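The chain contents come next:
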Amino acid sequence: MKLFRIAIFLALAIAITSMAQANGNVSANLPAFGASGKATSVSGLSSGAFMAVQYQVAFSSSVVGAGVVAGGPYYCAAGSLLNAAVCMGLVPFVPPNPAGMLVAAQGFAASGQIDPLSDLKNDRIYVFSGTKDTVVYQQAVDATVAFFKDIGVPDANLLYVNNMPSGHALITPAFGNACDANAAPYISHCSVKHQAYDQPGAIFTHIYGAMLAPAKKRSGNLITFNQSEFSDASTGMAADAYAYVPQNCKQGEACKVHVAFHGCLQSAAVVKDDFYGKSSYNDWADTNSIIVLYPQVNASTIPYNPKGCWDWFGYTGPNYALQSGSQLKAVRAMVQRLTSPPAKPLASQ
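Just so it is clear, the structure is predicted and the values come from calculations on it, not from any experiment.

(A) Inspection of the pattern of salt bridges at higher detail. One pass over the structure, following the stated rule, counts five salt bridges. Here Lys149 ties to Asp155 by a salt bridge, and the two come within 3.9 Å at their closest N and O atoms. Residue Asp155 is classed as exposed on the basis of its relative accessible area of 54%. The partner of Arg337 in a salt bridge is Glu229, with the nearest N and O atoms 2.7 Å apart. Of this pair, Arg337 sits in helix α10 (residues 326-338) while Glu229 is found in the loop between β9 (221-226) and β10 (240-245), placing the two residues 108 residues apart along the sequence. Here the salt bridges share partners, and the residues they tie into one network are Asp273, Asp274 and Lys278.

Spelled out as structure tokens, the structure:
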């Protein structure tokens, strides 16, 4: 019976895909923009934060920094959903063990399944945990900081913001819930010393240094592209994803690339453009020559992922935290597309 249900689901998925193609509803492929391959960074909220850490560790030779908002350390769940409660800090007085995660990462690096951990030592890492967060508690995020320190990331490169009375959310200056909310769309606004806190700006500034002021009116374009070119249904990833491309990046400048991973219940299928369009990532990207990639995961039955979370505990298979993991491999291929030289000069496209 189980195999029959799987067969029916796959048949429906193929039929829907075929109908979309027949109706011309398949999005265009992701263009190559010749972006810099030496200035890629990542960030994310919740499952997206776990994913950002996984990407950073797995591909550390090509990542310069990360923003981790309410996320635990690398390989925290060790491939089992049974460990999720500890990794989210939900078990009082039983925090994740960063030393165990470091041993696992060292083994993966020694076998060539992820990049050498020494590549992480020069990364700049922003970590955030709100004091009112009731989804991922601070003892879990404390373990993330300890993991990076154990690897050898110097204190000067680590910024840990853990004193803001915010709930489980990305913090933006002018959109979302009240600061202490723990509810959809998991985007909130908070003030520090009577000034709106801008988390994407704080992440970019910590990773890249001094930034130009964010755009008041964006000059670039938000594009929708065919994500299924890089992933199939077994990954749980959506058919479409998004990228914000500043005007100068379209004209041939070797821009930076930043990958922003949404959290659970935060994909475009659930909250539309709240994460990829209404947060302030694109405002900062517009004036600072950064292409922002927004890969997407949808809720699914196969693989079982009812809340549309990124895979940080193994629902796509045991290799989920390695370079060969299906989601990591797909996102890496998207970054490589963005950093590839265009087939013809961008100005003539």
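(B) Layout of the sheet that holds strand β2 (residues 63-69). The strand order across the open sheet formed by eight strands is β4-β3-β2-β1-β11-β12-β10-β9, and the pairing between neighbours is mixed. Both edges of this open sheet fall to β4 (158-161) and β9, since each of them pairs with a single strand only. Looking at each pair of strands side by side, their axes are set apart by 15° on average, direction ignored. Of the pairings in the sheet, the one linking β10 to strand β12 (residues 290-294) comprises three bridges and is antiparallel in character. For Ala243, the partnering residue across the bridge sits in β12 and is Leu293. Helix-sheet contacts for helix α2 (residues 47-58) involve β1 (40-45), β2, β3 (124-128) and β11 (256-261), and the interaxial angle to β1 is about 155°.

(C) Quick look at the state of the cysteines. Under the defined criterion, the tally for this structure stands at four disulfides. Each disulfide pairs two cysteine sulfurs, and for Cys249 the partner residue is Cys255, the sulfurs being separated by 2.1 Å. Across the disulfide from Cys249 to Cys255, rotation about the S-S bond amounts to roughly -105°, and the bridge is consequently left-handed. According to the relative accessible area criterion, Cys255 is buried, its value standing at 1%. Paired by a disulfide, Cys264 and Cys309 hold their sulfur atoms 2.0 Å apart. On the sign convention where negative means left-handed, the S-S torsion of about 125° between Cys264 and Cys309 marks this disulfide as right-handed. Of the two residues, Cys264 sits in the loop between β11 and α8 (268-271) while Cys309 sits in the loop between β12 and α10, which places them 45 residues apart along the sequence.

Cut-offs used in this document
- Residues numbered from 1 in each chain as written.
- Predicted model: local features only at pLDDT ≥ 70, side-chain atom pairs only at ≥ 80, totals over all residues.
- Heavy atoms only, no water.
- Salt bridge = Lys/Arg side-chain N within 4 Å of Asp/Glu carboxyl O.
- Buried < 20%, exposed > 50% of the residue type's maximum accessible area, 1.4 Å probe, protein only.
- Helix = DSSP H or I, 4+ residues; strand = E, 2+ residues; numbered from the N terminus.
- Pairing = 2+ DSSP bridges.
- Axes fitted to C-alpha atoms, helices over the stretch in contact; angles between N-to-C directions.
- Contact = heavy atoms within 4.5 Å.
- Disulfide = S-S within 2.5 Å.

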